[in-house]
Amino acid sequence: MPSNGNGNDEPGPSVKDDELYEKLRDEGNSKEKSARIANAAAASSRSEVGSRGGSSPAYEDWTVEELRERASELEVEGRSSMTKDELIDALREH
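Residues numbered from 1 in each chain as written. Predicted model: local features only at pLDDT ≥ 70, side-chain atom pairs only at ≥ 80, totals over all residues. Heavy atoms only, no water.

Trainee: Just checking my understanding: could you explain the packing of helix H4 (residues 64-73) against helix H5 (residues 84-93) for this structure?
Mentor: For any two helices packed against each other, the geometry comes down to the angle between their axes and how far apart the axes lie. For the pair H4 and H5, the least separation of the axes is 10 Å and the interaxial angle reads 35 degrees. Here the hand of the crossing between H4 and H5 comes out left-handed. Taken together, the residues of H5 that come into contact with H4 (itself represented by Val64, Leu67, Arg68, Arg70 and Ala71) are Lys84, Leu87, Ile88 and Leu91. Along the lines of polarity and charge, the residues of the contact of H4 with H5 split into six nonpolar, no polar and three charged. (Axes fitted to C-alpha atoms, helices over the stretch in contact; angles between N-to-C directions. Helix = DSSP H or I, 4+ residues; strand = E, 2+ residues; numbered from the N terminus. Left-handed = near helix turned anticlockwise from the far one by under 90°. Contact = heavy atoms within 4.5 Å. Nonpolar A, V, L, I, M, F, W, Y, C, P; charged D, E, K, R; others polar.)

Right under this line is the structure:
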């Protein structure tokens, strides 16, 4: 794992559940997503975090415009020239 600039490989003081963070990173999740999930789990419980989410239609059911708007909110680079499938992949990887 790359260093966070503080001289060691720990995720940093902002991550409240280091074990879950590392597991999520090992699964290929981004640093931001891993920290967000680990901190949410530390604030309540891991099982509660997994069941708390709302429901949303699958990205395949969204229009290209809706996908571009969401990509804009997440500041996905190159979104304006992406196809629907590319937008879906980019949003899922974020």
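Next comes the rest of the write-up.
Trainee: Quick question: what am I supposed to make of helix H1 (residues 18-26) here?
Mentor: What sets the pattern is the α-helix's 3.6 residues per turn: residues three or four places apart point alike. Residues of H1 that are buried: Leu20, Tyr21 and Leu24. Each buried residue of H1 sits inside an arc of 105 degrees when the element is viewed along its axis, so together they form one side. More than 90 degrees from the buried face of H1, the exposed residues found are Glu19, Lys23 and Asp26. In the stretch just after H1, Gly28 is the one whose phi turns positive, near 100 degrees. (Buried < 20%, exposed > 50% of the residue type's maximum accessible area, 1.4 Å probe, protein only. Arc of directions from axis to C-beta.)

Trainee: Sorry if this is basic, but what is going on with the side chain of Ser34 here?
Mentor: When you line up the elements, Ser34 lands in helix H2 (residues 31-43). Apart from the residues lying within four places of it in its own chain, the contact partners of Ser34 are Tyr21, Leu24, Arg25 and Asn29.

Trainee: What is the right way to read the side chain of Asn29 from this model?
Mentor: Looking at where Asn29 falls in the secondary structure, it is placed in the loop between H1 and H2. One polar contact links the side chain of Asn29 to the main-chain carbonyl oxygen of Leu24, over a distance of 3.0 Å. Once you skip the residues sitting within four places of it in the chain, Asn29 turns out to touch Leu24 and Ser34. (Polar contact = N/O pair within 3.5 Å; in protein donor to acceptor, adjacent residues only side chain to side chain.)

Trainee: Would you take a moment to explain the packing of aromatic side chains for this structure?
Mentor: This structure, assessed with the given rule, holds one aromatic pair. Summarising the aromatic geometry, the rings of Tyr59 and Trp62 are spaced 4.9 Å apart at their centres and angled 80 degrees between planes, so their arrangement reads as edge-to-face. Taking relative accessible area as the criterion, Trp62 reaches 18% and is therefore assigned buried. (Phe/Tyr/Trp six-rings, centres within 6.5 Å; stacked < 30°, edge-to-face > 60°.)

Trainee: Please clarify how a negative patch on the surface should be interpreted in this entry.
Mentor: Together, Asp85, Glu86, Asp89 and Glu93 make up a region of like negative charge exposed at the surface. Within the element layout of this structure, Glu93 appears in helix H5. (Patch = residues over 30% accessible without salt bridge, like charges linked within 9 Å, V, L, I, M, F, W, Y side chains within 5 Å. Areas by Shrake-Rupley, 256 points an atom, 1.4 Å probe, with all protein chains shown as cover. Salt bridge = Lys/Arg side-chain N within 4 Å of Asp/Glu carboxyl O. Lys, Arg positive; Asp, Glu negative; His and termini not counted. Charge placed at Lys NZ, Arg CZ, Asp CG, Glu CD.)

Trainee: Could you clarify how one ought to interpret the pattern of salt bridges in this entry?
Mentor: Think of it this way: side chains of opposite charge can pair up when their charged atoms draw near. The final tally for this structure, using the stated rule, is four salt bridges. Its salt-bridge partner being Glu27, residue Lys23 comes within 3.6 Å of it at the nearest N-O pair. Ionic pairing is found between Arg36 and Glu32, a salt bridge with its closest N-O pair at 3.2 Å. One end of the pair, Arg36, and the other, Glu32, are both in helix H2, four residues apart, so they sit about a helical turn from each other. Residue classification places Arg36 among the partly exposed positions, given a relative accessible area of 45%.

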